[in-house]
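Structure at a glance
For reference, the chains in residue letters:
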Amino acid sequence: MKQETVVVIVGAGPAGIATSACLNLLSIPNIVLEREDCYASLWQKKAYDRLKLHLAKNFCQLPHMPFPLSAPTFVPKNMFVQYLKNYVYHFNVDPLHQRSVESARYDKSAQKWVVTAQNNVSGLVEEYVSEFLVVATSENSEGFIPNVYGLDTFKGLVNHLSEYENGKTFGDKDVLVVGAGNSGMEIAYDLCNWGAQTSVVVRSPIHVLNKELVQLGMYFLKYIRCTFVDKMVLMLSKLLYGDLRSFGIQRPLKGPFLLKKETGRSPVIDVGTISKIKTGDIKVMTSIKDILGDIIKFTNGQERQFDAIVFATGFKSTVRKWLKEDGGIFNEKGMPKQKSPNHWKGENGLYCVGFASAGLFGISNDAKNIANDIFRIVDGK
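Rules and cut-offs
- Residues numbered from 1 in each chain as written.
- Predicted model: local features only at pLDDT ≥ 70, side-chain atom pairs only at ≥ 80, totals over all residues.
- Heavy atoms only, no water.
- Salt bridge = Lys/Arg side-chain N within 4 Å of Asp/Glu carboxyl O.
- Buried < 20%, exposed > 50% of the residue type's maximum accessible area, 1.4 Å probe, protein only.
- Disulfide = S-S within 2.5 Å.
- Pairing = 2+ DSSP bridges.
- Helix = DSSP H or I, 4+ residues; strand = E, 2+ residues; numbered from the N terminus.
- Expected span 1.5 Å × (residues − 1).
- Contact = heavy atoms within 4.5 Å.
- Core = buried A, V, L, I, M, F, W, Y, C linked by side-chain atoms within 4.5 Å.
- Polar contact = N/O pair within 3.5 Å; in protein donor to acceptor, adjacent residues only side chain to side chain.
- Arc of directions from axis to C-beta.
- Right-handed = clockwise from strand over helix to strand, strands pointing away.
- Axes fitted to C-alpha atoms, helices over the stretch in contact; angles between N-to-C directions.

1. Description of the pattern of salt bridges
This model, assessed by the stated rule, comprises 13 salt bridges. The closest approach of N and O atoms between Asp37 and Lys45, which form a salt bridge, is 3.0 Å. On the basis of relative accessibility, which here comes to 44%, the residue Asp37 falls in the partly exposed class. Three or more residues are tied together by salt bridges with common partners; here these are Arg35, Glu36 and Lys46.

Here is the structure:
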């Protein structure tokens, strides 16, 4: 089967459906290809139960549809999924599900993109031809588990955060959470509340803020230089949490918002984990050295026995597995060569959305920029 359109969008997460919605508003034909059996599968099927949006709702809305006034400031997962359902319906976004893209190449003679996808239902290979190609698989395409020496000998359960729902099945077990970002710290808190003997690996320095401090900082960033906002927020954070070095948590040298801007690393938004660490209910561990059976050795010389490991070590881009040329956008790791805000447009009608390490706020900006740019080009022909 061969189908032609103006824009092909690969990926029906928030990035893909936001881009499709913006294009639909401009009456630009587009096709969204999604490998899973639903849109926003990471949110619908692979997010833990207690997850809430880590930023206030006004920073997380997709283009042209604010959250209802009745929605809480920090929207829970189920409410966000319902918001996405309403969004898809309202803007007539209609992804083709269970299409695993195998390759995308630019045909220079025809000046078109040729995308081949496996239909996971029929087993047939389908071909889609378009003037523009939008990569919306984002930086969260595939769960990442680091290479740990001896992990293959571990006798207990090994999960990635995308497989974690809640701590109900981990009660009374010794569980190690690897990764001290927002998901790792929240999963550690959840496990502890379910009765698990919980430890968390904190390998690198992290900033710890609460949601109100983040909201305050993002408000003042509109009016005050980042360095001043960082100083204010860090002072309030120190008053709130004290010195955490004795608990195994170091602060980075750069402030939380500057660090986010330069590296994409977000501060940890505390949901109650720090108080559990201070009481000793959650133990902080250094990096893993190696594993032998159910014994895990750490770089500070400690050895502990664990029943389960949850890797909250994030995700990785898979775009270079199927995109046959970088189009001037992607490096060898499948991430943009250029930093935001110059990351979203490449050569020959290639675009990317959701790769700015700026969350839903960045997705919204990317989607609007891409749709407007395509409209400008199409309208000028």
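Further notes follow.
2. Examining the state of the cysteines
What the rule picks out here adds up to 0 disulfides. Between Cys226, a free cysteine, and Cys60, which holds the nearest cysteine sulfur, the sulfur-to-sulfur gap is 19 Å.

3. Here's the deal with the pairing of strand 13 (residues 288-292)
Both strand 13 and strand 14 (residues 295-298) contribute to a ladder of 4 bridges, which runs antiparallel. Counted as the bridge partner of Ile288 is Phe298 from strand 14. The turn linking strand 13 back onto strand 14 is made up of 2 residues, and Gly293 within it adopts a positive phi angle of 65°.

4. Brief notes about helix 4 (residues 182-193)
Taking 1.5 Å of rise per residue, the 12 residues of helix 4 would be expected to cover 16 Å, and the 17 Å separating its terminal C-alpha atoms lies within 8% of that figure. With 10 of 12 residues buried, helix 4 lies mostly within the body of the structure. Where helix 4 is concerned, the buried positions are Asn182, Gly184, Met185, Glu186, Ile187, Ala188, Tyr189, Asp190, Leu191 and Cys192. At its buried positions, helix 4 is contacted by strand 8 (174-178), strand 9 (197-201), strand 11 (268-269), helix 8 (273-278), strand 12 (282-285) and strand 16 (308-311). Taken from the residues just after helix 4, Gly195 is the one with a positive phi, measuring 95°.

5. Things to note about the nonpolar core
Grouped together as the largest cluster of nonpolar side chains are 72 residues, with contacts concentrated most on Val7, Ile17, Leu62, Phe80, Tyr87, Met185 and Ile374. In this structure, Val7 is in contact with Leu23, Ile28, Pro29, Asn30, Ile31, Ser130, Phe132, Val134 and Ile374, ignoring residues within four places of it in sequence.

6. Looking at the side chain of Ser237
One can find Ser237 in helix 6 (residues 226-241). With relative accessibility at 1%, the residue Ser237 sits in the buried group. Within the structure, the side chain of Ser237 is placed 2.7 Å from the backbone oxygen of Val208, a separation counted as a polar contact.

7. Some remarks on helix 3 (residues 77-90)
Given a rise of 1.5 Å per residue, 14 residues ought to cover 20 Å, and the 20 Å separating the end C-alpha atoms of helix 3 matches this to within 8%. For helix 3, the complete set of buried residues consists of Lys77, Phe80, Val81, Tyr83, Leu84, Tyr87 and Val88. End-on view of helix 3: buried residues confined to an arc of 155°, all on one side of the axis. In helix 3, the exposed positions angled more than 90 degrees off the buried face are occupied by Asn78, Tyr89 and His90.

8. Focus on the pairing of strand 9
Counting buried residues in strand 9 gives 4 out of 5 residues, a clear majority hidden from the surface. Two elements, strand 8 and strand 9, share 5 bridges in a ladder whose sense is parallel. Directly across from Val177, in strand 9, lies its bridge partner Val200. With respect to chirality, the unit in which strand 8 leads through helix 4 into the neighbouring parallel strand 9 is right-handed.

9. Remarks on the sheet that holds strand 15 (residues 303-305)
Strand order across the open sheet formed by 3 strands is 13-14-15, with antiparallel pairing between neighbours. A strand with exactly one partner marks an edge of an open sheet, and here the two such strands are strand 13 and strand 15. For this sheet, the mean angle separating the axes of adjacent strands, direction not counted, is 25°. With 3 bridges connecting them, strand 14 and strand 15 associate as antiparallel partners. Across the sheet, the residue bridging to Lys297 is Glu303, located in strand 15.

10. Concerning the sheet that holds strand 7 (residues 157-160)
In a beta sheet, neighbouring strands are held together by backbone hydrogen bonds and run either parallel or antiparallel to one another. With parallel pairing, the 5 strands of this open sheet are ordered in space as 7-16-8-9-12. The open sheet has two edge strands, strand 7 and strand 12, and neither has a second partner. Across this sheet, the average inter-strand angle for adjacent strands is 20°, counted without regard to direction.

11. Concerning unusual backbone geometry
In this structure, Asn92 is a non-glycine residue whose phi angle is positive, near 55°. Structurally, the position occupied by Asn92 is in the loop between helix 3 and strand 3 (99-107). Note on Asn92: relative accessible area 62%, which makes it exposed.

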